[in-house]
Amino acid sequence: MSQAPRRLVLALVTGALSLSLFAPVGSVSAQPRVELPDFSELVERVGPAVVNIRVSEKVRGGVSVNGIPEEMLEQFRRFGLPVPNQRRGAPRGGDDDDGPTRKGVGSGFILSSDGYVMTNAHVVGTADEVIVTLTDKRELKAKIIGSDQRSDVAVVKIEATGLPVVKIGDSNKAKVGEWVMAIGSPFGLENTVTAGIISAKQRDTGDLLPLIQTDVAINPGNSGGPLVNLKGEVIGINSQIYSQSGGYMGISFSIPIDEAMRVADQLRSGGRVVRGFLGVLPDDLSKEVAESLKLPKAAGAVVRQVTEGSPADKGGVEGGDVITKVDGKPVEKAADLRRLIAAVKPGQKATLQVWRRGAFKDLVVTIGEDERSKRASNADPEAGDKTVNPAAMLGLRLGDLTEAQRKEAKVKAGVRVESASGAAAKAGLREGDIILSVDNVEVSTVKQFQAQVAKADKGKAPINLVVKRDDMVSFVLIKPSR
């Protein structure tokens, strides 16, 4: 072959190689470029409405763990921190204002320009003092408007006007994989910003709420702060982490803002949350049971038991029914049924779709009120009923003991403390305590307790209570708040 043809072949081969090498580059550059989000604008927009919350409370008796007050233990458990071996003490009577002080830190965000702030219930607890620090460094005392332990949502109020507020989003529209941002005060470091993605939704880690799981770095102090989407909307309240080491391990949980706002609205209007009650013991439906019942799919809540005289009993619900819908909303599992019923206002009718003996059937049930909501109503004389309540005068929320609770506590009589504040908290009483007698008179019901306290001469000696906590019994002297 001559030199000229050889050069021609080489040129053609080189040209072919050039095309093959550079063609893919051109095809890649034609695709849209994906850039990571810049959160700086969101921080400037949302940041001013995020606050730091500091709380303090006198510790009077209760649990002491290497100097850690009782209320702080809940923070350890909630955030997966190792809890040392506990030494439980009996409540001690009298006002002890010189005891140690529990201090805590958390976050919150401003709902309204006149000073309503949302945070976690476990942040404020039963604090004697709540201080809210704004981004402009103003420190304002806050009043606890309401706190709901079951949802872990609380609302506090500061006296201020013209405050920046957050924009509330729709947590139902949030998608797994989308970017989100958190602002808060981890370990007291104010205005800390972290970001990540939504890892999962509908995580059943709470009593009533299907939590949002993210990989956003959340630590103690972030509690109560907002979870924000790329539109600058709050879609959740940062509440919990999963940890086996005591630190952040890549899994965080937030309360969906839709659920939180429903709770907050009730707290702002009445100081407590009212939830619906059906009166069934539900269980998840397995694939095997669904197939044996010839259900179209394994979805629904199996009714294991119906409480006699309950709304479910009166509405015709039977043991063995599979509840598949509540007012048209699907029930995939037992937790869904509890949440949907809790959201129905007591006294309203709800239509239940049940699968019974091979066919769907609609039942109309008048929803009752959850007993825990009823018991909460006797705690605050300013919330609703204005009649004098002896238990409330002592700062107590009480509940009658069930037979199972009596057996577990090994008592024949008594009433259970649902929560304690004011004079009761100062005397050392706390949730879970069992009051056996009032001024040497045994009490078996809340009604008996109320009657006995009403007889006491409030102008003279303090009321003498015999209280059982775990396996210890002690005397508690308590004076009503006036």
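Residues numbered from 1 in each chain as written. Predicted model: local features only at pLDDT ≥ 70, side-chain atom pairs only at ≥ 80, totals over all residues. Heavy atoms only, no water.

Draft legend 1. How the structure looks around the packing of aromatic side chains. The tally for this structure, following the rule as stated, stands at two aromatic pairs. Seen in terms of ring centroids, Phe 39 and Trp 179 are 6.1 Å apart; in terms of plane orientation they differ by 65°. Their pairing is edge-to-face. In this pair, Phe 39 sits in the loop between α1 (3–29) and α2 (40–46) while Trp 179 sits in strand β11 (residues 179–184), placing the two residues 140 residues apart along the sequence. Overall, Trp 179 belongs to the partly exposed group, its relative accessible area being 31%. Aromatic side chains Trp 355 and Phe 360 sit 4.7 Å apart centroid to centroid with 75° between the ring planes, which places their arrangement in the edge-to-face category. When its relative accessible area of 10% is taken as the criterion, Trp 355 is described as buried. With relative accessibility at 42%, the residue Phe 360 sits in the partly exposed group. The residue whose ring lies beneath Lys 157 is Tyr 116, and the NZ or CZ to ring-centre distance is 5.4 Å. Positioned above the aromatic ring of Tyr 116, the side-chain terminus of Arg 268 is 4.1 Å from the ring centre. (Phe/Tyr/Trp six-rings, centres within 6.5 Å; stacked < 30°, edge-to-face > 60°. Helix = DSSP H or I, 4+ residues; strand = E, 2+ residues; numbered from the N terminus. Buried < 20%, exposed > 50% of the residue type's maximum accessible area, 1.4 Å probe, protein only. Lys NZ or Arg CZ within 6 Å of the ring centre and 35° of its normal.)

Draft legend 2. Up close: the pattern of salt bridges. Taken as a whole and assessed by the stated rule, the structure comprises 19 salt bridges. Between Asp 283 and Arg 304 there is a salt bridge; the shortest N-O distance is 3.3 Å. Note that Asp 283 is positioned in strand β18 (residues 280–284) and Arg 304 in strand β19 (residues 301–306), a separation of 21 residues in sequence. Taking relative accessible area as the criterion, Asp 283 reaches 33% and is therefore assigned partly exposed. (Salt bridge = Lys/Arg side-chain N within 4 Å of Asp/Glu carboxyl O.)

Draft legend 3. Expanded view of the nonpolar core. Formed by 28 residues in total, the largest nonpolar core has its most connected members in Phe 109, Met 118, Val 153, Ile 237, Ile 255, Ile 257 and Ala 260. Secondary structure elements with two or more residues in this core: α2, β6 (116–119), β9 (153–158), β11, β15 (233–241), β16 (252–256) and α5 (257–270). Examining the composition of this core, we find that six residues originate from one element, α5, more than from any other. Non-local contacts of Ile 255, meaning those with residues more than four positions away in its chain, are made with Asn 120, Ser 151, Asp 152, Val 153, Leu 209, Leu 211, Ile 235, Gly 236, Ile 237, Ser 239 and Ala 260. Residues Leu 394, Val 443, Val 453 and Ile 478 belong to the second largest nonpolar core, which totals 23 residues. (Core = buried A, V, L, I, M, F, W, Y, C linked by side-chain atoms within 4.5 Å. Contact = heavy atoms within 4.5 Å.)

Draft legend 4. Representation of the confidence of the model for the chain. The share of residues in the chain with pLDDT of 70 or more is 77%, and the mean pLDDT across the chain is 80. Confidence drops under pLDDT 50 across residues 85–89; counting only partners more than four residues distant or on other chains, this segment forms 15 contacts. A low-confidence stretch, residues 376–388 stays under pLDDT 50, and its non-local contacts, those more than four residues away or across chains, total 16 contacts. (pLDDT = per-residue confidence, 0-100.)

Draft legend 5. Region of interest: empty space enclosed by the protein. This structure, assessed with the given rule, holds one cavity of 30 Å³ or more. One number sums up the size of the largest cavity: a volume of about 60 Å³. Taken together, Val 50, Val 51, Asn 52, Ser 107, Thr 133, Leu 134, Thr 135, Lys 137, Gly 184, Ser 185, Glu 190 and Asn 191 form the lining of the largest cavity. Among the elements that line the lining of the largest cavity, the one with the most residues is strand β1 (residues 50–58), at three residues. In terms of residue class, the lining of the largest cavity is made up of three nonpolar, seven polar and two charged. (1 Å grid on protein atoms, 1.4 Å probe; cavity = no way out; pocket = protein on both sides within 12 Å on 5 of 7 lines; lining within 4 Å. Points joined across faces, edges and corners; volume = space filled by probe spheres on them. Nonpolar A, V, L, I, M, F, W, Y, C, P; charged D, E, K, R; others polar.)

Draft legend 6. Main features of unusual backbone geometry. Not every positive phi belongs to a glycine, and Lys 137 is a case in point at roughly 75°. Within the secondary structure, Lys 137 sits in the loop between β7 (129–133) and β8 (139–148). You can call Lys 137 exposed: its relative accessible area is 58%. Look at Asp 327: it is not a glycine, yet its phi comes out positive at around 55°. By secondary structure assignment, the location of Asp 327 is in the loop between β20 (322–326) and β21 (329–330).

Draft legend 7. Focus on helix α8 (residues 334–342). With eight of nine residues buried, α8 lies mostly within the body of the structure. Taken residue by residue, α8 has Ala 334, Ala 335, Asp 336, Leu 337, Arg 339, Leu 340, Ile 341 and Ala 342 as its buried positions. Elements that come into contact with the buried residues of α8 comprise β17 (276–277), β18, β19, β20, β21 and β22 (349–356).

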